[in-house]
Each structure stands twice: as structure tokens, then as C-alpha cells.
Amino acid sequence: MNRGEFIAHATIIGAGAAVFKDKMILAGTKKQSPKARLAFIGLGMRGSGLLKEAVSQGHSEIVAISDINEIAINNAKQIIKDTGSGSPDYYLKENDFETIVTRDDVDAVIIATPWEWHLPMSLASLKAGKHTGCEVIAGLTVPEIWELVNLQEKTKTPYMMMENVCYRRDVMAVLNMARKNLFGNITYMECGYQHDLREVLFNDGQHMTGHGVEFGEKGINEARWRTPHYVSHNGDMYPTHGAGPLSNILNITRGNQFAQLVSMATPAIGLHQYIVENGGNSHPNTKVKFKCGDVVTTLIKCVNGEVIKMTFDTSSPRPYSLGFRVQGSEGIWTEDAKGIYLQKHSPRAHEYEPAAKYFSEHDHPYWKKYGDKAESSGHGGMDYFIIREFVDCVINRKPFLMDVYDAAMWSVLRPLSEKSIAKGSQPVLIPDFTRGKWKRRKPVFGMQNDFSL
Ligand SMILES: NC(=O)c1ccc[n+]([C@@H]2O[C@H](COP(=O)([O-])OP(=O)(O)OC[C@H]3O[C@@H](n4cnc5c(N)ncnc54)[C@H](O)[C@@H]3O)[C@@H](O)[C@H]2O)c1
């Protein structure tokens, strides 16, 4: 888009925003400020957290809530009741999302269902012209992800991947530091999803965590749908919490792009061992053959030459860490060492300084202004910002900062890591879902000083 086209486009969007806001005021409440009229699909662990966040921020009106599980619906009803947040309609059937997305009084849809549902629900929402916020990950296969990108381009309906880790306070401070060139030319990064999920991957069908070794039909919550993936897939199943934040630093889809990857998986031991130790040698699940290696390591090469090492480790005993490392020609941040070393600033050569010192100095304006409020919300405050940003963009018709191309590039790492492993760890090319637009797109994430609300 050239400058003239951009101005014309912006004017149209501006005019549209005014009409949209009016509509929201009229259709919404008596309050002066417009509210985003939201539908929530999937009210399990994640969806209920996002719902709480949305109602507590006060910029949304909850219009529809859908889950196939009555316990989840009742929990959502309680949240609505406790917070006095109106009287949404509740839906209990698997395909009710198709009805919800066509409601005229819904502005935007938030999807927090099992992975299999993300694509069909997102497609339905985009087709109905509803701003769509989808939990990670966007799709499970390369064709699915293309389908999402193609439909978003066709409908031009905004789509946001709800990748909350991009808003983590330290991650945003490091993004600021990288943009101030404090790390010099960034050459290498590490990230991952390293989270001992064994107590989540199995339960007794009654307690969400910490009891039993059942999964699939006999499990509830994530044990019900997430664990079967470990039986049938071998790859990095959850790349976006690591790849998202690093992509913002590396300007992926905006001046840079992932080019290729190679993945390797260790043997799969942890989940079987957990079943034996917690369910006994004769438990039927001891016969299950898990396919996913306990630790999956992926190396990603970027078009501009940088290398990322990404680790997926959810079946081993270990403390939680996303394992971030940012290495540049001037210095390094290592999450696990809680340290930063910058050769022109650090007092002692070869020694880390406490990273906290730099984090407060380079704290992002969002966190400076809203940190106190955010810290009491979910996931150390990240959830405050993901909802705030989503709702702000919906009400003010601003483009989402993490759009369909970001969602596609981050999510595709999953099926491609599986492909690489299946081919004996051969390198695999990563498709360019932007079809060359990455060369012209400018970085946007974290450039803002405040919300418009
Ligand atoms: N960003 C984060 O920090 C974060 C954290 C946890 C989970 N997640 C993601 O959120 C999503 C949900 O995870 P969760 O932990 O809440 O799982 P969960 O199992 O606790 O909740 C999923 C809910 O979806 C419901 N559901 C299933 N099919 C449905 C349908 N057709 N219509 C309506 N509801 C349906 C289930 O009944 C369940 O209540 C996953 O994609 C997961 O990866 C993200």
C-alpha cells in the first residue's frame, strides 16, 4: 500500500469506526463509553480466566457464552453473577458457535476451546464478520493455517492470536532494549515451552489436576483433549509462547521471516513413567504408547540469518521456564540466569548483572501505567493486557497487533517440527504466509504508549 492508498484506507477505517462506536453505544448500555459486545466460546481453565478479565476491566458487555460442559457453564454463570455483568445467553451444544457468530449483537468472539476447534470456530467467526480472538495455536496443519489466512484475506475481518506471553513484563522490557539496540545485532535466541504438565495431562475425571492417570474420554479439561495429541503426534506442540515474543523482537512478518527449521525428539519416557508411578503397573494406560518425545528441540533459521533454538518439554520433572535467551553482538539476556550482560554497560567483564535492574529502567509504558492493576490478574498480568488490547482494538477499530500472519507463522512451527522429525530430522522450508508482504510490513507490537480506551 502506498502513502496515498494508506491515507484513503485510514479514512475509510476512521469513518467506519465512528459508525461502529455509535452502534455499540446504542446497542450497548446507557454508559457514555462504548463497550465491545463479546461472545465467549470455551469456558474451561483458560476461557473462564479471560472472561473474568473482560468483566473486571469494564469495557465489555458479555452477550453469549458457550461450552459443552455444564460445569464450565455454571462456573461462567457464577462469574457473571458475582460481578453483576448482565445476563448473557448461554449455549451448551457443540455447534452452537455457528449460531452465536451470526448474532447481530455480537461484535467480537473469543475462542478458548481445545486445539481441534480453533480452526472451524475461527473460520465461522471470520465468515460472519466478527472480530476474532483465538487462543494459541491457530491451526494444527499447514493446509488448515493456509485456510485461515486465505479466509481472513478474503473477508478482511480482523483476527488476533491471543498470545499473552508477548505482554510479559520482562519480555516487553527486553523488546524495548532490543529496539534501543542495547544488544547490538541480534544473532541468536532461545525460547521454549518448558512446563511440567504431567498433573494436567492426567487426572481422575473429577479433579482438574493432581489426581489420577486417566486421559481422553475418562479425563476432564486438558487431560481430555490435550493428552491424546501426545499419543498421535511427535513434535513441538506448543510453539507460540516462545516464538511469539521472540518474533516481535526479530520483526518476523515485518521485515524478517522464518525460513526453515529442523527438529529432533528424544525418547518418550516421562508420561509412561508417570502412569506407572501414580496408577500402578497394572493400570490399563501403562499399555499406551506415547509418540511425542519428552524433549523436542527445534532450530529455526530466519531470512535475515538469525537462529532460534526452541525447546518443548512438558513431560519431564522440571521447574517452569520459557527459557528465553537473546544474544546479540553487544550482549545477552538469559532468563534462567536472571541475568543481563552488556559489554559497554556491565561493570565486570564476563559477569551477568541482575536483569531486574534493566527491566525497571526499560519497563514498557503499558506496564509503567497499568502494572499495579495488571499484576493482580491472570498469568502475572499478561492476561490483563491481552484482553485490554483486544477490546481496545475492537471498540476503536484499530488493527490487531498480532494478526493472522503472525498467528500463521508462529503456529506453523508445530506441524513443520512434526514433519522434520518424521523425515528423520531433515530441514523443512517454512512457507511465507504473508506472500511477500513481510518485506513491507512495519513492526507494530509494543510501539504504543497507551490504550485508546
Ligand atoms: N495463553 C495461555 O496462557 C493459555 C493457558 C491455558 C490454555 N490455553 C489455551 O486455551 C485453550 C483452552 O485450554 P483450557 O486449558 O481452557 O482447556 P479446558 O479443557 O480447561 O477448556 C476447554 C473448554 O472448551 C470446551 N469445549 C470443547 N468443545 C467445545 C465446543 N464445541 N463448543 C464450546 N465449548 C467447547 C470444553 O468443554 C472446555 O470447558 C487451548 O487452546 C489452550 O492451548 C492458553
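Structural notes, computed from the coordinates. (Residues numbered from 1 in each chain as written. Predicted model: local features only at pLDDT ≥ 70, side-chain atom pairs only at ≥ 80, totals over all residues.)

To continue, consider the packing of helix α2 (residues 45-57) against helix α3 (residues 70-83). Viewed as axis vectors pointing N to C, α2 and α3 meet at an angle of 15°, and their least axial separation amounts to 10 Å. One finds that α2 runs roughly parallel with respect to α3. Crossing hand, α2 versus α3: right-handed. Seen from α2, the contacting residues are S48, L51, K52, V55 and S56; seen from α3, they are N75, A76, I79 and T83. Considered class by class, the residues forming the contact of α2 with α3 number 4 nonpolar, 4 polar and 1 charged. (Axes fitted to C-alpha atoms, helices over the stretch in contact; angles between N-to-C directions. Helix = DSSP H or I, 4+ residues; strand = E, 2+ residues; numbered from the N terminus. Parallel < 35°, antiparallel > 145°, perpendicular 65-115°, else oblique. Left-handed = near helix turned anticlockwise from the far one by under 90°. Contact = placed C-beta atoms within 7 Å. Nonpolar A, V, L, I, M, F, W, Y, C, P; charged D, E, K, R; others polar.)

What follows concerns the sheet that holds strand β7 (residues 186-194). Strand order in this open sheet of 9 strands is β14-β13-β12-β11-β7-β10-β9-β8-β15, and the pairing throughout is mixed. The outermost strands of the open sheet, each flanked by one partner alone, are β14 (353-354) and β15 (428-429). The pairing of β7 with strand β11 (residues 325-328) spans 4 bridges and is classified as antiparallel. Its bridge partner lying in β11, M189 is registered against V326. Set on the sheet, helix α11 (residues 240-250) makes contact with β7, β9 (295-302), β10 (307-313) and β11; between it and β7 the angle comes to about 160°. (Pairing = 2+ DSSP bridges.)

What follows covers the site of the ligand. Around the ligand, 25 residues are found, and the nearest of them are G42, G44, R46, N69 and E135. Elements represented by at least two residues in the shell around the ligand include exactly α2 and α5 (115-127). Take the shell around the ligand: its biggest share by element is 3 residues, from α2. When the residues that make up the shell around the ligand are grouped by side-chain class, the tally is 11 nonpolar, 9 polar and 5 charged. (Near = placed C-beta within 6 Å.)

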